[in-house]
Amino acid sequence: MSSPYRELKERAFCANQEIPKRGLAIYTFGNVSAFDPERGVMAIKPSGVAYDELTVDDLVVLDIEGKIVEGKLRPSSDTATHLVLYRNWTGITGVVHTHSTYATAWAQARLPIPIYGTTHADHLAEDVPCTAVMSDEAVERDYEVETGHQILECFKDRQPLHTPMVLVAGHAPFTWGKTPEKAVYHAAVLEELAKMAFITKSLNGDAARLSNSLIHKHFERKHGKNAYYGQK
Ligand SMILES: [Zn+2]
């Protein structure tokens, strides 16, 4: 039977398949969603289904309030966190959650990832932020919604499209993007930055952050209004 959400589900399916392919998750870890802002619906990975067993038809479509509009399986347990981000941030149509090793290690250490080099500055012009630790009361309330609030709180003075990633303290990273493909790209970039920063800090515990002039130069040449990186 044809589905009005076929294209969105296919997009979410392909983005989910990138997660194990990029070495960002094992077994059922992680999830990607794709959002259609015009129709106000999101397609997300079902809960507990391994990537190599996943089919397009398994994807679950929900409205912005979290009501299932298509799909037989239960959506990812992190669904409410994805929805909080779509409800509060415009311009985001993909969200990714992984437990990729190095990024998760920084999240567990409850440390932002310092901007040590130009690889980092090519993607964001600040340390990868780490949220505050969730209170026991918040855990008891509605854990996945509270995770979303934890991220919003961390971003109250940040622009999500300039800093498309966060470490949730004691948990793991979330990334996002203008498209689901971009969100996955940011998850892979984050893991690489986390790994590089870990090695940098291991080699030199006093390693300095990149100078503001280099941060600015690298970020702006790729993302600024006069960007000149890549092909036109
Ligand atoms: Zn998680």
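Here, every reference points to the structure presented above.
What comes next is a walk through the structure.

What counts and what doesn't
Residues numbered from 1 in each chain as written. Predicted model: local features only at pLDDT ≥ 70, side-chain atom pairs only at ≥ 80, totals over all residues. Heavy atoms only, no water. Pairing = 2+ DSSP bridges. Helix = DSSP H or I, 4+ residues; strand = E, 2+ residues; numbered from the N terminus. Axes fitted to C-alpha atoms, helices over the stretch in contact; angles between N-to-C directions. Donors = N, O, S within 2.8 Å, 3.2 Å for Na, K, Ca; no water. Buried < 20%, exposed > 50% of the residue type's maximum accessible area, 1.4 Å probe, protein only. Phe/Tyr/Trp six-rings, centres within 6.5 Å; stacked < 30°, edge-to-face > 60°. Lys NZ or Arg CZ within 6 Å of the ring centre and 35° of its normal.

## Some words on the sheet that holds strand S1 (residues 31–36)
Each strand in a sheet pairs with its neighbour through backbone hydrogen bonds, running either in the same direction (parallel) or in the opposite one (antiparallel).
Move 1: Pairing in this open sheet of seven strands is antiparallel, and the strands run S4-S3-S2-S1-S5-S7-S6 from one edge to the other. The strands lining the two open edges of the sheet, one partner per strand, are strand S4 (68–70) and strand S6 (165–167). Ignoring strand direction, the axes of neighbouring strands in this sheet form an average angle of 25 degrees.
Move 2: The pairing of strand S3 (residues 60–63) with S4 spans two bridges and is antiparallel. In the strand pairing of S4, Val61 is matched with Glu70.

## Some remarks on the coordination of the zinc ion
Move 1: The zinc ion binds to the protein through His97 (NE2), His99 (NE2) and His171 (NE2), with metal-donor distances spanning 2.1 Å.
Move 2: Mapping the donors of the zinc ion onto the primary sequence gives the spacing H-x1-H-x71-H. Here His171 lies in the loop between S6 and strand S7 (173–177) and His97 lies in strand S5 (residues 94–97), a separation of 74 residues in the sequence. Each member of the pair, His97 as well as His171, is classed as buried.

## Some words on the packing of aromatic side chains
Move 1: Counted according to the given criterion, the structure contains five aromatic pairs.
Move 2: Geometrically, the ring pair formed by Tyr102 and Phe198 is tilted, given 5.8 Å between the ring centres and 55 degrees between the ring planes. A residue pair is termed long-range when its members are at least 10 positions apart, and Tyr102 in helix H3 (residues 101–109) and Phe198 in helix H6 (residues 180–203) qualify at 96 residues.
Move 3: The class of Phe198 is partly exposed, set by a relative accessible area of 43%.
Move 4: Sitting over the face of the ring of Tyr51, Lys45 holds its NZ or CZ atom 4.8 Å from the ring centroid.
Move 5: The ring of Phe155 carries Arg158 above its face, with NZ or CZ at 5.8 Å from the centroid.

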